[in-house]
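Structural characterization, general
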Number of protein chains: 2
Amino acid sequence: MEEFAAVSGISRPTVSKYFHDPESVRASTRARIEEALAKYDYRPNIYAINQNRQLTKNIGIVVPYLADPFFAEIVRRIERRCIDAGYSPTLFSSHGEQALENQILDGLRSLKPAGVLLAALGRASDRQEIEKFCRDVPTILFDSNLDGIGEAFVGSDNFSFVSQSVDYLTRSGEPPIFVEMATPANPNARKRRTAYVTKMEGLGLEPHIVQLPGEGWAFEEIGYQGTMKLLKDGNLPTNTILCSNDRLAIGVLSACYESGLKVGQDPSCDLRVAGHDDHPFARYTCPSLTTVAHDYDSVSNRSVELLFELIDNGGRFEQRSEVLFASRLILRGSA
Amino acid sequence: MEEFAAVSGISRPTVSKYFHDPESVRASTRARIEEALAKYDYRPNIYAINQNRQLTKNIGIVVPYLADPFFAEIVRRIERRCIDAGYSPTLFSSHGEQALENQILDGLRSLKPAGVLLAALGRASDRQEIEKFCRDVPTILFDSNLDGIGEAFVGSDNFSFVSQSVDYLTRSGEPPIFVEMATPANPNARKRRTAYVTKMEGLGLEPHIVQLPGEGWAFEEIGYQGTMKLLKDGNLPTNTILCSNDRLAIGVLSACYESGLKVGQDPSCDLRVAGHDDHPFARYTCPSLTTVAHDYDSVSNRSVELLFELIDNGGRFEQRSEVLFASRLILRGSA
DNA sequence: GCAATTTCTTTACGCGAGTAAAAATTTTAT
DNA sequence: ATAAAATTTTTACTCGCGTAAAGAAATTGC
């Protein structure tokens, strides 16, 4: 920077000021610096810049499983907004593993980020570690809530999801059974189950839950295998299946197709299947999947906005808040 | 570090040495440092560490579109291997935009990474910028090749893909037409088209290519809309469709289903559809998709290995190499 | 045109490490 | 036990930048 300042004919402190905020120097000065910049393509050493900062312009984004298109999609929006606001987002995926999640948080601490947007693994998370991390780094949780952890939570209202799907399904045909994984990784799954029970009872109907065996993030496979077995055993008490999430539903649809069952709302159909999340590919299943959509835009926007607020507020909120966005029923061919 | 060295009873230079490589200090010294480490949880400032390095332990991973499960999957493997080798991988997605790709490369330059694994946008890439970047930063291209750019390329052999699918399809039924996007973003698409023509001609058959209109990364939608129109116009010269990639095929399958066409190899079926890539969800389409699989493991492993070699070699290879892995036909229900 | 204000320049120090060189200490080999 | 070898300590300098203070220069207001 010394050298660059010399060739641009400006003092180093002023150049330093320019890089911190180009608007903070006089227009004529700025012009001269930018002129020199065009000629010598100097760039400040970000490591030197950040060395003495307790907070950088970095933002950490952590998701449990990036190969899940749901997270890929939401991350895409969040990233964009961070960049537009002048931050440098860094993306991490826990790949479904607690050890990796902890490792990521540990590395994140060293990055001294201005803030972190964390979608935790959920059940598989090391609650203590996350709690400790949140004490050190301003963190907003999204999608996956951990009670009392983080400065705020932004996500979708699971009751809204299930309420709408159950309402629609009962109104238009037989009441649904609820299909989920036996040991769901994500806290939303548990909330959806509870919501299903509550909702059904509210309608004076008997809830019926089917738990498919399997762990991990291979939801489609679990849905597929589970449904094959279910169909073979032939103990479906209804013709309507509501899946905890769309990826499970994709597996269910696949099993139905292979078993020669026709899925759809038509009277000639054997089954109706619906899901939750409005997974990016749900539109292209056969038949296309009736589901309930996250308000992707609101969740990602509000998460980022809250994080910026948090950063402006020095990294702490007086009170932890939870924002839940309502979902939207998407009627398609499968139910 | 000064303070930490004091409380651990070891001199600062030795502590510094320890963090650079714990094996480089005597066992007794290491023990004392680690003992102190457990008590005071000090961690070196990565910014200070990297400030005077011309090369860090960072590795940049850049993909064109992370919301595409193909990339999500391959990145998952690459990331893991980098971490295991003691590097810090950082993930970037160009989200299909040239401007963002350039911006990412620019940011990457500042990160002074030991190496970069780059899957470029392809047609949408700013060739010059990438070339310039590769001169500054040791870079291995993967998946998407740009002639002469980067120190090496690792990818799948597109001819192997198409050769296998065409062979199988012609052997088992009518020869396929080839469905692709009109202006494919990815260089592999062009190679696959050429391979199709070559292969068909080699078999003494007339190639027939259908180009679906549409741009960007919404492949399923393009496949869906294009097929709907194709079916309406009713000018399919054969009952066998070979798609340039699986995501397109997912859209095709969806359109077929909606149009009441039965897809499969059974004589009672109207159409056969196959794809390429073995997309993570191809197993769960209805019917499940016959496709040709990347050798995910080899591609990701070899990319990483080559990058490590490149790093050890000081960032340059004497000669640019191109490694292509053969693919594997996956027979499923759709063809 | 002159004072008040704003912006720059000069000078100097600090940050948290890496690292080189020489001296001191510990370990190993004989 | 002693010499040789390996490791650690001491000391001191470097890197690239942030930033504070004081004074100089340029701009603005009237």
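Overview of the protein's contact with DNA strand C
If you check the shell around DNA strand C, you find 23 residues, and the closest are A:Arg26, A:Thr29, A:Asn52, B:Ser16 and B:Asn45. Each atom of DNA strand C within 4 Å of the protein was classed as base or backbone; sugar and phosphate made up 65%. At 2.6 Å from a base oxygen of DNA strand C is found a side-chain nitrogen or oxygen belonging to A:Asn52. When grouped by side-chain class, the residues that make up the surface near DNA strand C number nine nonpolar, ten polar and four charged.

Structural notes on the protein's contact with DNA strand D
As a matter of local geometry, DNA strand D sits amid 21 residues, with A:Ser16, A:Asn45, B:Thr29, B:Gln51 and B:Asn52 nearest to it. The sugar-phosphate backbone supplies 66% of the atoms of DNA strand D found within 4 Å of the protein. Between a phosphate oxygen of DNA strand D and a main-chain N or O atom of A:Asn45, the distance comes to 2.6 Å. Measuring from a phosphate oxygen of DNA strand D, one finds a side-chain N or O atom of B:Thr29 at 2.4 Å.

Here we look at the relation of the copies chain B and chain A
Superposing chain B onto chain A requires a rotation of 180° together with a translation of 0.0 Å along the rotation axis, leaving an RMSD of 0.1 Å. Put plainly, the chains are arranged around a two-fold axis. Closest approach to the rotation axis within chain B is made by the C-alpha atom of B:Tyr47, at a distance of 2.3 Å.

Let's talk about the nonpolar core
A:Ile140, A:Val273, B:Ile140 and B:Val273 are the most contacted members of the largest nonpolar core, which has 110 residues in total. A:Phe92, A:Val116, B:Val62 and B:Leu118 belong to the second-largest nonpolar core, a separate cluster that totals 38 residues.

Observations concerning the domain arrangement of chain A
Residue and element names in this part refer to chain A. Taken domain by domain, chain A comprises domain 1 (2-44), domain 2 (58-156 + 296-325) and domain 3 (158-293). Centre-to-centre separation of domain 2 and domain 3, based on C-alpha positions: 29 Å. On the side of domain 3, 17 residues touch domain 2, which itself brings 17 residues to the contact. At the boundary of domain 2 with domain 3, total buried surface from both sides reaches about 1400 Å², with 53% on carbon and sulfur atoms.

Overview of the pairing of strand β3 (residues 115-118) of chain A
Residue and element names in this part refer to chain A. A two-sided burial pattern is seen for β3, the buried positions comprising Gly115 and Leu117 on one face and Val116 and Leu118 on the other. Direction of pairing for strand β1 (residues 58-63) relative to β3: parallel, over a ladder of four bridges. Its bridge partner lying in β3, Ile61 is registered against Leu117. By the bridge criterion, three bridges tie β3 to strand β4 (residues 139-142) in an arrangement that is parallel. Considered in β4, the bridge of Leu118 is made with Leu141.

Things to note about the environment of A:Glu215
All names here are of chain A. Topologically, Glu215 is positioned in the loop between β7 (209-212) and α10 (219-233). Overall, the relative accessible area of 55% leaves Glu215 in the exposed class. Between the C-alpha atoms of Glu215 and Val15, which are 200 residues apart in sequence, the distance is 55 Å. Filtering out sequence-adjacent residues up to four positions away, Glu215 remains in contact with Arg123, Met181, Thr183 and Ile222. A distance of 3.3 Å separates the side chain of Glu215 from the side chain of Arg123, its partner in a polar contact.

A few points about the pairing of strand β5 (residues 152-156) of chain A
All names here are of chain A. When you tally the buried positions in β5, you get five out of five residues, the bulk of the element. Side chains Ala152, Val154 and Ser156 of β5 all project onto a buried face; the interleaved residues Phe153 and Gly155 project onto the opposite face, where all are buried too. The pairing of β4 with β5 spans three bridges and is classified as parallel. What sits directly across from Ile140, in β5, is Ala152. Here β5 runs beside strand β11 (residues 321-325); their pairing, made up of five bridges, is parallel. Residue pairing in the sheet places Ser156 in a bridge with Phe325 of β11.

Observations concerning the sheet that holds strand β6 (residues 177-181) of chain A
Residue and element names in this part refer to chain A. Read from one edge of the open sheet, four strands run β7-β6-β8-β9, paired in parallel fashion. The sheet terminates laterally at β7 and β9 (272-274), the two strands that pair on one side only. Strand-to-strand twist in this sheet, taken as the mean axis angle between neighbours without regard to direction, amounts to 25°. Across three bridges, strand β8 (residues 240-243) lies against β9 in parallel orientation. In the sheet register, Leu242 faces β9, and the bridge partner there is Ala274.

Analysis parameters
- Along each chain, residues carry numbers from 1 onward, in the same order as the chain's sequence is written.
- Here the convention is simple: chains get letters from A, ligands get numbers from 1, in the order in which they are written.
- Since the coordinates come from a predicted model, pLDDT governs what is reported: local features require at least 70, and pairs of side-chain atoms require 80 or more to be given and counted, while whole-chain, interface and lining totals use all residues.
- As a rule here, side-chain values come from all non-hydrogen atoms in the structure, and water together with hydrogens is ignored.
- A cutoff of 4 Å decides nearness: a residue is near a molecule or strand if any of its heavy atoms lies inside that distance of it.
- In protein, a polar contact requires one atom able to donate a hydrogen and another able to accept it; more generally it is a pair of N or O atoms within 3.5 Å, and residues adjacent in sequence count only if both atoms are side-chain atoms.
- Gly is put with the polar residues, along with every residue not named as nonpolar or charged; the nonpolar set is Ala, Val, Leu, Ile, Met, Phe, Trp, Tyr, Cys and Pro, and the charged set is Asp, Glu, Lys and Arg.
- We superpose the copies by least squares over the C-alpha atoms of residues that have a pLDDT of at least 70 in both of them.
- To form a nonpolar core, buried Ala, Val, Leu, Ile, Met, Phe, Trp, Tyr and Cys residues must be joined to one another through side-chain atoms within 4.5 Å.
- Relative accessibility thresholds used throughout: buried, under 20% of the residue-type maximum; exposed, over 50%; partly exposed, between the two (1.4 Å probe, protein chains only).
- Note that domain bounds follow an automatic or database assignment of domains.
- Contacts are assigned to residue pairs with any non-hydrogen atoms lying within 4.5 Å of each other.
- When two parts are put together, the accessible area they lose, computed with a 1.4 Å probe and summed over both, is reported as buried area.
- Only DSSP runs of H or I with at least four residues qualify as helices, and only runs of E with at least two residues qualify as strands; both kinds are numbered from the N terminus onward.
- Strands pair, by our definition, only if DSSP identifies at least two bridges between them.
- Each axis is a line fitted through C-alpha atoms, taken for helices only over the stretch in contact, and angles between the N-to-C directions span 0 to 180 degrees.

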